[in-house]
Amino acid sequence: MNHFEDMLQRANLQNISDLFQMGCIKTELDSENLEEREDEAVKVLEQKLENLVSGSFYNEVVQTAMEYANDCCGIYFTVGMKAGAKVIFQLLNDSLKDT
């Protein structure tokens with residue numbers, strides 16, 4: 001078995017994202033593009049909220065959930081950028097350390 005090939009197979013954005021966020025890699029990658037995945041996530045959220053929240057509060061709850069999600073997106077984007085910068089710094093550092 002070629003261990004280097006296995007390592008390169010795991011080197012993808014979905015695995016890196018899961019590794020940073022949850023400490024493990026995905027067992028199966030999602031083949032849908034980012035927009036399709038977002039559309040599906042919103043659809044699932046709306047369906048679940050529809051079952052939990054009655055008529056007049058539904059739109060307010062969806063709006064609140066989307067605001068929360070947007071705030072989280074901003075936070076995760078910042079953490080991702082910082083992690084990327086940290087990795088680039090380590091790659092460009094001429095030190096022999098890799099920590």
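Before reading on, note that the structure itself is shown above.
Residues numbered from 1 in each chain as written. Predicted model: local features only at pLDDT ≥ 70, side-chain atom pairs only at ≥ 80, totals over all residues. Heavy atoms only, no water.

**Some remarks on the environment of Thr 78**
Along the chain, the position of Thr 78 falls in helix α4 (residues 55–92). Along the backbone, Thr 78 and Asn 59 are 19 residues apart, and their C-alpha atoms lie at a distance of 29 Å. (Helix = DSSP H or I, 4+ residues; strand = E, 2+ residues; numbered from the N terminus.)

**Let's talk about the environment of Ala 69**
Secondary-structure assignment places Ala 69 in helix α4. A C-alpha to C-alpha distance of 10 Å links Ala 69 and Val 42, two positions 27 residues apart in sequence.

**Brief notes about the packing of helix α3 (residues 34–52) against α4**
What describes two packed helices is the angle between their axes and the distance between those same axes. The contact between α3 and α4 brings their axes to 10 Å, and the two run at 140°. Classed by the angle they form, the pair α3 and α4 counts as oblique. When you trace α3 past α4, the crossing you get is right-handed. In this structure, α3 contributes Val 42, Leu 45, Glu 46, Leu 49 and Glu 50 to the contact, and α4 contributes Tyr 58, Val 61, Val 62, Ala 65 and Met 66. (Axes fitted to C-alpha atoms, helices over the stretch in contact; angles between N-to-C directions. Parallel < 35°, antiparallel > 145°, perpendicular 65-115°, else oblique. Left-handed = near helix turned anticlockwise from the far one by under 90°. Contact = heavy atoms within 4.5 Å.)

**Side note on the side chain of Gln 14**
Its place among the elements puts Gln 14 in helix α2 (residues 13–22). Excluding residues that lie within four positions of it along the chain, Gln 14 makes contacts with Lys 26, Leu 29, Asp 30 and Arg 37.

**A look at α2**
Within α2, burial applies to Gln 14, Asn 15 and Asp 18. Buried residues of α2, seen end-on, are gathered within an arc of 95° and therefore sit on one face of the element. Set apart from the buried face of α2 by more than 90 degrees, the exposed residues are Leu 13 and Phe 20. Where α2 is buried, its residues meet α1 (3–10) and α3. Gly 23 sits one or two positions beyond α2 and adopts a positive phi of about 85°. (Buried < 20%, exposed > 50% of the residue type's maximum accessible area, 1.4 Å probe, protein only. Arc of directions from axis to C-beta.)

**Observations concerning a negative patch on the surface**
A contiguous patch of negative charge, built from Glu 32, Glu 35, Glu 36, Glu 38 and Asp 39, is present on the exposed surface. Looking at where Asp 39 falls in the secondary structure, it is placed in helix α3. (Patch = residues over 30% accessible without salt bridge, like charges linked within 9 Å, V, L, I, M, F, W, Y side chains within 5 Å. Areas by Shrake-Rupley, 256 points an atom, 1.4 Å probe, with all protein chains shown as cover. Salt bridge = Lys/Arg side-chain N within 4 Å of Asp/Glu carboxyl O. Lys, Arg positive; Asp, Glu negative; His and termini not counted. Charge placed at Lys NZ, Arg CZ, Asp CG, Glu CD.)

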